[in-house]
Amino acid sequence: MEYIQEIKVLYGDTDSYGVVWHGAYTKWFEAARAGFVEKMGFDLAELEAGKVLFPVTEMNIRYKSSAKVHEIILIKSCIIEVKPFCVMFEHNVYEKSTGILRVSAHINIAAINPETGKIYRRMPENLLENFEKAMK
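Residues numbered from 1 in each chain as written. Predicted model: local features only at pLDDT ≥ 70, side-chain atom pairs only at ≥ 80, totals over all residues. Heavy atoms only, no water.

### Considerations on the overall build of the protein
A tally of helices and strands in the protein yields three helices and five strands. Expected size for 136 residues packed as a compact globule is a radius of gyration near 14 Å; at 16 Å, the protein falls within 12% of this value. Dimensions of the protein along its principal axes, counting C-alpha atoms only, are 45 × 30 × 25 Å. Out of the 136 residues belonging to the protein, those deemed buried represent 42%. If you take every contact in the protein between residues at least 6 apart in sequence, the share linking residues at least 24 apart comes to 67%. (Helix = DSSP H or I, 4+ residues; strand = E, 2+ residues; numbered from the N terminus. Rg over C-alpha atoms; globule rule 2.2 N^0.38 Å. Buried < 20%, exposed > 50% of the residue type's maximum accessible area, 1.4 Å probe, protein only. Contact = heavy atoms within 4.5 Å.)

### Structural notes on the nonpolar core
Judged by nonpolar contacts, the single largest core of 19 residues is most densely connected at Phe54, Ile79, Val87, Met123, Leu127 and Phe131. Take this core: its biggest share by element is four residues, from helix α3 (residues 125–135). Leu127 has contacts with Phe42, Leu47, Val52 and Phe54, leaving out every residue within four places of it along the chain. Counting 16 residues, the second-largest nonpolar core is a separate cluster that includes Ala24, Trp28, Ala32 and Ile61. (Core = buried A, V, L, I, M, F, W, Y, C linked by side-chain atoms within 4.5 Å.)

### Observations regarding the environment of Glu48
Within the secondary structure, Glu48 is located in helix α2 (residues 44–49). In this structure Glu48 comes out as partly exposed when scored by relative accessible area, which is 44%. Apart from residues no more than four positions distant in its own chain, Glu48 is found in contact with Leu53 and Pro114.

### A few points about the pairing of strand β4 (residues 86–95)
Counting buried positions along β4 gives eight out of ten residues, so the element sits mostly inside the fold. Two elements, strand β3 (residues 72–82) and β4, share nine bridges in a ladder whose sense is antiparallel. Residue pairing for β4: Cys78 is matched across the bridge by Glu90. Connecting the antiparallel pair β3 and β4 is a turn made up of three residues. (Pairing = 2+ DSSP bridges.)

This is the structure:
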C-alpha cells in the first residue's frame, strides 16, 4: 500500500536561506504516517486508548535537493519492513510538478504501552497482520 500526502510549503517551513528547514520534514513525515495508519482503518486516539502508541525509534534522512516556499510537495509513504514489535516506513518527498526527489527517509516506529513506556515484544495481532498486509 502507498499513501500520498500533499503539502504546500509555507514561509514558516523555510529557513533564512529560503529553503525548507530540515526539521520541517519530520513534522510532515509524522502527518504522512498518521494518514497511512488511518487509511489502514485505524484511529490513533483509539489505539492510544487501547494502550498502543507508536513513537519514532530511529530516523535516517537523506536530503537530495532543497524544497522552496510555495512548492507543492508529495510525500509518498510505504512500509518496507514489519517486525513483531516495530514497523519501518519509507518516505520520499517529491516536488509535485517536476517529480524531483527532494528527500528520502527511513523511519522506524515501535509499539509501546503508554502507561509503562515499555516496548511490546509483540504488538497486538490485528495491528501486526494489518501492517504486514499493507507492506505487500
